[in-house]
Amino acid sequence: MDDSKETRNSTPTSESPKNCDEAPPPVTHEFTTRATLALIGASGATFCTVGFQNSFGVFQTYYAESLLPDESDSSIGWIGAINIFILFAGSLITGRILDLFGPTLMFQIGAIVNVFSLMMMSLCRKYWELILAQGVLLGIGNSFLVCPAIALVGQYFTKRRAVAIGITIGGSSLGGVIWPIVVHELMQKPNIGFPWTMRISGFIMLPILAISSIIARPPLASNPANDQAPQQKPASPAWDWSVLHRKMLITASGFFFIYFGMFSPFFFITSYAVQHGFNSNLAFYTVSMVNGASLFGRILPGMVADRYGKFNLCIIMVVLSGIIALCWTKVTSVAGLVIFSLAYGFCSGGILSLQPACAAQVATPKTIGTAVGLILAAASLPALAGTPVSGALIDKYGYLSLSIYSGVSLLVGSLWLIMARLAQNPKLIAVV
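Residues numbered from 1 in each chain as written. Predicted model: local features only at pLDDT ≥ 70, side-chain atom pairs only at ≥ 80, totals over all residues. Heavy atoms only, no water.

- The name that an unreviewed UniProt entry assigns to the protein is Riboflavin transporter MCH5, with the source organism given as Talaromyces islandicus.
- What UniProt states about the protein under its Sequence similarities (unreviewed entry) heading is, verbatim, "Belongs to the major facilitator superfamily. Monocarboxylate porter (TC 2.A.1.13) family." (UniProt positions renumbered as here; feature names shortened; annotations may be inferred.)

1. What to know about the overall build of the protein
Line of reasoning, step 1. Along its length, the protein carries 18 helices and 0 strands.
Line of reasoning, step 2. Considering only contacts within the protein whose residues lie at least 6 apart along the sequence, 84% involve residues at least 24 apart.
Line of reasoning, step 3. Counting only carbon and sulfur atoms, one obtains 69% of the accessible surface of the protein, whose full area is about 16500 Å². (Helix = DSSP H or I, 4+ residues; strand = E, 2+ residues; numbered from the N terminus. Contact = heavy atoms within 4.5 Å. Areas by Shrake-Rupley, 256 points an atom, 1.4 Å probe, with all protein chains shown as cover.)

2. A closer look at the environment of Ala133
Line of reasoning, step 1. Turning to its location among the elements, Ala133 is positioned in helix α7 (residues 127-143).
Line of reasoning, step 2. If we skip the residues at most four places from it in the chain, Ala133 touches Ser117, Met120, Met121, Cys124 and Leu138.

3. Let's talk about the nonpolar core
Note that soluble globular proteins tend to have their nonpolar side chains buried in a common cluster.
Line of reasoning, step 1. Ranked by internal contacts, the top residues of the largest apolar core, which has 125 residues, are Tyr63 and Phe194.
Line of reasoning, step 2. By residue number, the principal contributor to this core is helix α15 (residues 334-361), which donates 11 residues.
Line of reasoning, step 3. Formed jointly, this core draws a minimum of three residues from each of two domains, domain 1 (31-219) and domain 2 (243-431).
Line of reasoning, step 4. Those residues in contact with Tyr63 that lie beyond four places of it in its chain are Leu68, Pro69, Ile76, Ile79, Met121, Leu130, Gln134 and Phe194. (Core = buried A, V, L, I, M, F, W, Y, C linked by side-chain atoms within 4.5 Å. Buried < 20%, exposed > 50% of the residue type's maximum accessible area, 1.4 Å probe, protein only. Domains from an automatic or database assignment.)

4. A closer look at the side chain of Ser143
Line of reasoning, step 1. Among the structural elements, Ser143 can be located in helix α7.
Line of reasoning, step 2. Those residues within four positions of Ser143 in sequence are excluded, and the remaining contacts are Ile86, Leu87, Gly90, Thr94 and Pro148.

5. Quick word on the environment of Ile299
Line of reasoning, step 1. Positionally, Ile299 belongs in helix α13 (residues 280-308).
Line of reasoning, step 2. C-alpha separation for the pair Ile299 and Ile165, spaced 134 residues apart in sequence, amounts to 8.2 Å.
Line of reasoning, step 3. For Ile299, the contacting residues outside a window of four places in its chain are Val163, Gly166 and Ile167.

6. Notes on helix α14 (residues 310-326)
Line of reasoning, step 1. In this model, α14 (17 residues) spans 25 Å end to end at C-alpha, consistent with the 24 Å of a helix rising 1.5 Å per residue.
Line of reasoning, step 2. When α14 is considered as a whole, its buried residues turn out to be Lys310, Phe311, Asn312, Leu313, Cys314, Ile315, Met317, Val318, Ser321, Gly322, Ile324 and Ala325.
Line of reasoning, step 3. Those residues of α14 hidden inside the fold are in contact with α9 (161-187), α11 (246-258), α13, α15 and α18 (399-424). (Expected span 1.5 Å × (residues − 1).)

7. Looking at the packing of helix α5 (residues 73-101) against helix α8 (residues 146-156)
Line of reasoning, step 1. α8 packs onto α5 with a crossing angle of 45° between their chain directions and a minimal axis gap of 8 Å. It follows that α5 is oblique to α8 by the angle criterion. Pair α5 / α8 crosses with right-handed handedness. Packed against α5, whose contacting residues are Leu87, Ser91, Thr94, Gly95, Leu98 and Asp99, the element α8 presents Val146, Cys147, Pro148, Ala151, Leu152 and Gln155 at the interface.
Line of reasoning, step 2. Its residues assigned to classes, the contact of α5 with α8 shows 7 nonpolar, 4 polar and 1 charged. (Axes fitted to C-alpha atoms, helices over the stretch in contact; angles between N-to-C directions. Parallel < 35°, antiparallel > 145°, perpendicular 65-115°, else oblique. Left-handed = near helix turned anticlockwise from the far one by under 90°. Nonpolar A, V, L, I, M, F, W, Y, C, P; charged D, E, K, R; others polar.)

8. What about the environment of Ala359?
Line of reasoning, step 1. Along the chain, Ala359 falls in helix α15.
Line of reasoning, step 2. Considered as a pair, Ala359 and Gly369 are 10 residues apart in the sequence and their alpha carbons are 9.4 Å apart.
Line of reasoning, step 3. Ignoring anything within four residues of it in the chain, the contact list for Ala359 reads Met248, Ala371, Val372 and Ile375.

9. A closer look at the packing of aromatic side chains
Line of reasoning, step 1. Scanning the model with the defined rule gives 20 aromatic pairs in all.
Line of reasoning, step 2. Between the aromatic rings of Phe31 and Phe157, the centroid separation amounts to 4.8 Å while the plane-to-plane angle is 55°, which identifies the pairing as tilted. Here Phe31 is found in the loop between α1 (3-9) and α2 (33-48), whereas its partner Phe157 is found in the loop between α8 and α9, with 126 residues between them in sequence.
Line of reasoning, step 3. The class for Phe31 is partly exposed, based on a relative accessible area of 43%.
Line of reasoning, step 4. Ring centres 5.1 Å apart and planes at 75° place the aromatic pair Tyr272 and Tyr399 in the edge-to-face group. In this pair, Tyr272 sits in helix α12 (residues 264-275) while Tyr399 sits in helix α18, placing the two residues 127 residues apart along the sequence.
Line of reasoning, step 5. In this structure Tyr272 comes out as buried when scored by relative accessible area, which is 1%.
Line of reasoning, step 6. Each residue in the set Phe88, Tyr259, Phe263, Phe266, Tyr272, Trp328, Phe340, Tyr344 and Tyr399 is aromatic and connected to the rest through ring pairs, giving one cluster. (Phe/Tyr/Trp six-rings, centres within 6.5 Å; stacked < 30°, edge-to-face > 60°.)

10. A few points about helix α16 (residues 368-378)
Line of reasoning, step 1. Counted residue by residue, α16 has 11 buried out of 11 residues, so it is predominantly covered.
Line of reasoning, step 2. Taken together, the buried positions of α16 are Ile368, Gly369, Thr370, Ala371, Val372, Gly373, Leu374, Ile375, Leu376, Ala377 and Ala378.
Line of reasoning, step 3. Contacts from the buried residues of α16 go to α5, α8, α9, α11, α15 and α17 (380-397).

11. Things to note about the confidence of the model for the protein
Line of reasoning, step 1. Within the protein, residue pLDDT values average 83, and 88% of them lie at 70 or more.
Line of reasoning, step 2. Scored below 50 in pLDDT, residues 1-28 shows 40 contacts in the model against residues more than four places distant or in partner chains.
Line of reasoning, step 3. Segment residues 222-234 is flagged for pLDDT under 50; beyond a separation of four residues in sequence, or across chains, it makes 17 contacts in the model. (pLDDT = per-residue confidence, 0-100.)

Below, the structure is given as C-alpha cells:
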C-alpha cells in the first residue's frame, strides 16, 4: 500500500476498521459495471419500498375521509407505524444475513412479499385488514429489501460511500414523488378506486423489483470489501458482537431520538394543509414536494460528506430539520407551505442518506450489513410510536404540539450524534 494513502486512511475519522487485516486498500475506480448495476438495483428496491411508504400521507388522509371515517388520526397512524417498525426491526436480521450469504435470495423474497401485500391491500375494507396487509405484510417485504440494498452498496463503495448510499436512498425519494401522485390520481377516478389503485401499483412494482433482484449481485470474492470466501461464510457466527462498541451504541442512541418525530411532517403535512383550508389538490401534492426536495437532500449532502465528514454533515442536517419542524405552524400561505415542504424535505433527506453512511463508518467491511441493520433497528421503536403519538397530539392539542414534539426530538438526537462524533475525534474542526 502506498505510504501516503495509508497515512490518510489511518486517521480516527476514516472508515478503517479495527483490525488491520480487514482494512481494504484504497479503491480508485469504484463505479465498475457490476457496482453500478448493484447501485441501480438497490435504488429500484428503495423506490418500491420506502418510496411507497413515503406516500403514506396520502393514505392517511384518504382513510380518514373515505375508507375509515370512524377511525381517529392516531388509530390510522398505527398502520404506517407498524410498517416502519417491522421494516427497521427486521433490518437487524436481514443485515446480518446479507453479511453471511449475500442479497440475492432476500431480494427475491422481498419482491414477492411486497407485490403480494399490495394485492391483499386491494381487498381490504376494514381497519384490522389494513393493519395486517399494509402494516405487517408490507413491512416484512420491505425489511427483506431495504437494509440489504443499503448494505450491499456499502460493500461496493468505500471512498464514495456517502454519495453511493445517497443515490440508493434517493430512489426512495423519487418514489416519494411519484407514488403519491400515482395513488392520488388513480383513487380519484371512479372506475378505478382504491382496489385497482393497489393492484396497478403492484403491477408497476413487479418488473422493477424483478430487475433489481437480477442485477443487485454481491461483490466478487476478490473484492477486498467482501474478501471472505463463500466456503468460509457458514463458519461465521450468527451474530458478530464486535459491532456493539461504544461509538456504534452512541450513534444508535442518536437516531433513536431522531426518529420519534422525523416522519411526522412526512405523514401529516397533507392533513395539516387540508385542515387549514389549502386547496385539496395542493394539499395532496405537498407529499410529493417534500419527497422531491428530499431527493436532492439525499444525494447532494452525500457528495459533500465524502469530503467534509459524514457525521459532520448529518449533525447539520438534523439540527436544521429540527429548527424547520419547530416553524411548522407558522405556515399560513401557499408560498409558506411550499417553502416548508421543500426545506424540510431537503434537510430530512440528508439524515436518511447519511444515517447508513455513519453506521458504515463505525463498522468493519465484514460487518457493514450488521451495522446498518443495528442502526435501523434502533429507530424501530420510536418509528412505531412516533406516528400514533403524532396523531394523538393532533387530536388533543393541535398541530402546534406536533411541531414542538417533532422539532425537539430531532434536536435531542443531534446532541447524541455530536457525542458520537466527538468520540471518534475530539477536535472541533475535523473530518468525521
